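Survey of secondary and tertiary structure
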Amino acid sequence: MIPFAAPLGDIEAALGRATDGQDLPDWDGDLARDVLGHFATFAEGVLAPLDEIGDRQGCRIEGGRVRTPDGFPAAYAAYARDGWPGLTLPEAFGGQALSPLIGASVTEVFAGANLSLQMVTGLVAGAARTILAFGSPDQQARWLPRLASGDILNTMCLTEPGAGSDLSRIRTRTRMDGTAWRIDGEKTFISGGDQDLTKDILHLVLARTGDEAGVRGLSLFLCPSQIGQGRNAVRVTRIEDKMGLHASPTCHMVFDGAEAELLGAPGQGLRAMFTLMNHARIDVALQGVALASRAYHIASTYAADREQGQEQGQEQGRGHQGPVTIDQHPTVRRMLEEQRGLALGGRLMCLDALVALETGQGPLADFLTPVCKVFGSQAGIRAADLGLQVLGGYGYLTEYRMEQIYRDARITAIYEGTNEIHALALAGRGLAQPGGADAFEAYLAKGLDPATVARWTRLRQAVGAAGDVGLLADDFMQATARFAWLSALNRLDGATATSLTKETLARIAFHEACIGAKLPEAGGAACLQGPEPTVSGSPGS
């Protein structure tokens, strides 16, 4: 096994690039470096050694309660004791009020070390943001200090057996009982629906408050697992048996008249929940980046040590004499290069989205967030697949745990909105909303030459003019994500970007051709044609 090592140098470089020239008066790069260094020590020494144990043991139900793998409760207790849950929460509620960029970077390190445990703990910042935006002063005073201290963790209860991506099909209902709300219904696929890390769990539940159909009748509720000294009427009926994330309890939950309190206004639940969901989508993108970085670390370390074959040209008496490590073979070098590039560019895209959010660039943040979610999740899956190939037969074994990275990464393209749902939203609502596409075009121009940016502009115009984007959405998202990735990579690591540019532009051309073939004849492939792009893709080239 190759131990986990936090990619601090890469993270610090991305933070420096993302914050350069931005209106972030409180940003302190030295503080960020110190915080990340301390968390990396904790992650490498405490969290990462539990990852394999958690994958092997999984979670179980005992006496109606979920039990996490050996060592997880103690690790969380240390995490809470050191103040990590409140890292970005306001000081007025017991937090440290550090930058969300620092919080995001800590999230990446946590996810790379132990994604299952990060899944259970990772919604706190999003829940706090939601309560700050929609909660009453009394709710903020009661719940935020407990979240900041780690005394309580939270869940996000949206999905039901008959309501996945289509939240208008939610059937969980609420009713008034005196002065209290009661929740009745079932929720499924709830990460951390029960656990033994905290005595109490705060469930954020999306449920109906009236007879109005669709999403307008949905409201958001705070439903604690404990009422006073006793249990609330919330129970877990099963833990799902999953492909990966074995140590993260994915629960089917039943609310049987559970006591709850309304968060925000009735019928505005989806608006409130999207505050939490948007945070979660960047979180998922960073999970993919973390796994891509971990896969690269394992593969590059293995390849630098594994001797196989001879250097090209050696048979003719040229080059190094004797066996060479496999990282000297061009095809292996290419795979390692792609892994590294996926992590580098994907990380900067996520940080750029957060900077846009923190600096009031709402249209850019809204447009870029789903692109980050899709690209980041695919980056983790692709990098793990490449890692399996670099390691060969050893990658297929459990010894190097590359197969666990692949199993854990695969869900990221599914949860927090499937990638296909995000593609549809981007090609439809994303292009229709004012400002977002224009802001994204300007974002691309930071790292791409005008001819390459113009390719995306033509693509945007063609898709935006189409009446039905259903068949175009996935190709548009894939091309858009690759444009964004190449732009970010150029800004961060020109050498890596240059080596990957030709292949990336060829893949973009494939998606352009697919879109052109699906457009009406009059506005088909011809509308996407333009001057031949430069090869480097870099500004001014």
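Residues numbered from 1 in each chain as written. Predicted model: local features only at pLDDT ≥ 70, side-chain atom pairs only at ≥ 80, totals over all residues. Heavy atoms only, no water.

Some words on the state of the cysteines
Spelled out, the test is: What counts as a disulfide here is a pair of cysteine sulfur atoms lying within 2.5 Å.
Following the criterion strictly, the structure yields zero disulfides and no others. With no disulfide partner, Cys251 has as its closest neighbouring cysteine sulfur the one in Cys59, 7.9 Å distant. As a non-bridged cysteine, Cys350 has Cys372 as the owner of its nearest cysteine sulfur, 4.5 Å distant.

Notes on the packing of aromatic side chains
Aromatic rings in a pair are described by how distant their centres are and how their planes are angled relative to each other. For the record, the criterion: Pairing of aromatic rings covers Phe, Tyr and the six-membered ring of Trp, with a centre-to-centre limit of 6.5 Å; geometry is then stacked below 30 degrees between planes, edge-to-face above 60, and tilted otherwise. Strands here are runs of E lasting at least two residues and helices are runs of H or I lasting at least four, both read from the DSSP assignment and numbered beginning at the N terminus. The cut-offs for exposure are 20% and 50% of the maximum accessible area for each residue type, with area from a 1.4 Å probe on protein chains only; residues under the lower value are buried, those over the upper are exposed, and the others partly exposed.
Applying the stated criterion across every chain yields a total of 17 aromatic pairs. With 5.9 Å between their ring centres and 45 degrees between their planes, Phe39 and Phe110 make a pair best called tilted. With Phe39 in helix H2 (residues 29–47) and Phe110 in helix H5 (residues 100–113), this pair connects stretches of sequence that are 71 residues apart. Per residue, the accessibility class of Phe39 equals that of Phe110, and both read buried. Centre to centre, the rings of Trp181 and Phe221 are 5.3 Å apart; their planes meet at 65 degrees, and the pair counts as edge-to-face.

Some remarks on the pattern of salt bridges
Selection criterion: Here, a salt bridge means any side-chain nitrogen of Lys or Arg that lies within 4 Å of a carboxyl oxygen of Asp or Glu.
All told, the structure shown has 27 salt bridges when counted by the stated rule. Glu358 serves as the salt-bridge partner of Arg129, at 3.4 Å between the closest nitrogen and oxygen. Separated by 229 residues along the polypeptide, Arg129 in helix H7 (residues 124–134) and Glu358 in helix H10 (residues 330–358) bring together distant segments of the chain. Using a relative accessible area of 33% as the deciding quantity, one classes Arg129 as partly exposed. On the basis of relative accessible area, Glu358 is assigned to the partly exposed category, the value being 35%. Note that Arg491 is salt-bridged to Asp352, the shortest N-O span being 2.7 Å. Taken together, the residues Arg491 in helix H17 (residues 473–492) and Asp352 in helix H10 connect sequence positions 139 residues apart. On the basis of relative accessibility, which here comes to 13%, the residue Arg491 falls in the buried class.

Some points on the packing of helix H1 (residues 8–19) against H5
As a reminder of what qualifies: Lines are fitted to the C-alpha atoms to define the axes, a helix being fitted only along its stretch in contact, and any angle between axes, read from their N-to-C directions, falls within 0 to 180 degrees. Working rule for angles: under 35 degrees goes down as roughly parallel, over 145 as roughly antiparallel, 65 to 115 as roughly perpendicular, anything else as oblique. By the definition used in this description, the sense in which the near helix is turned from the far one sets the handedness, with an anticlockwise turn below a right angle giving left-handed and a clockwise turn giving right-handed. The criterion used for residue contact is that any of the two residues' heavy atoms lie within 4.5 Å. Each residue is assigned to one of three groups, with Ala, Val, Leu, Ile, Met, Phe, Trp, Tyr, Cys and Pro labelled nonpolar, Asp, Glu, Lys and Arg labelled charged, and all others, Gly among them, labelled polar.
One can describe the packing of H1 onto H5 by two numbers: an axis separation of 11 Å at closest approach and a directional angle of 155 degrees. Judged by the angle between their axes, H1 and H5 are roughly antiparallel. Crossing hand, H1 versus H5: right-handed. Across the interface between the two elements, Ile11, Leu15 and Thr19 from H1 touch Leu101, Ser105, Glu108 and Val109 from H5. Considering only residue class, the contact of H1 with H5 consists of four nonpolar, two polar and one charged.

Overview of the confidence of the model for the chain
Our working definition: Summary of the metric used: pLDDT quantifies the predictor's per-residue confidence within the range 0 to 100.
With 94% of its residues at a pLDDT of 70 or more, the chain has an overall mean of 93. In the model, residues 532–541 has pLDDT below 50 throughout and makes 29 contacts with residues more than four positions away in sequence or in other chains.

Focus on the environment of Leu351
If you trace the backbone, Leu351 turns up in helix H10. According to the relative accessible area criterion, Leu351 is buried, its value standing at 2%. For the pair Leu351 and Pro100, spaced 251 residues apart in sequence, the C-alpha separation works out to 9.4 Å. Look past the residues within four positions of Leu351 in its chain and what remains in contact with it is Ala14, Leu15, Ala18, Leu101, Ala104 and Ser105.

Looking at the packing of helix H11 (residues 362–391) against H17
How two helices sit against one another is set out by the angle between their axes and by the gap between those axes. For the pair H11 and H17, interaxial distance at closest approach is 9 Å and the crossing angle is 90 degrees. In terms of axis orientation, H11 runs roughly perpendicular to H17. In contact with Phe367, Pro370, Val371, Val374, Phe375 and Gln378 of H11, H17 contributes Met477, Gln478, Thr480, Ala481, Ala484 and Trp485. When grouped by side-chain class, the residues that make up the contact of H11 with H17 number nine nonpolar, three polar and no charged.

Comments concerning H2
Selection rule: An expected span of 1.5 Å times one less than the residue number is assigned to each helix.
With 19 residues, H2 should cover 27 Å at 1.5 Å per step; its first-to-last C-alpha distance of 25 Å lies within 8% of that length. Contact partners of the buried residues in H2: H1, helix H3 (49–57), helix H4 (72–81), H5 and helix H6 (115–121).

Structural notes on the pairing of strand E7 (residues 218–224)
Counted only if it meets this: Paired strands, in this sense, are two strands between which DSSP finds at least two bridges.
For E7, the buried fraction is high: seven of the seven residues fall into the buried class. Neither face of E7 is open: one carries Leu218, Leu220, Leu222 and Pro224, the other Ser219, Phe221 and Cys223, and all of them are buried. Bridge count between strand E6 (residues 200–208) and E7: seven bridges; the pairing is antiparallel. Note on E7: the bridge partner recorded for Leu204 is Leu222. One ladder, built from three bridges, connects E7 with strand E11 (residues 250–263); its direction is antiparallel. By the bridge assignment, Leu220 is partnered in E11 with Leu263.

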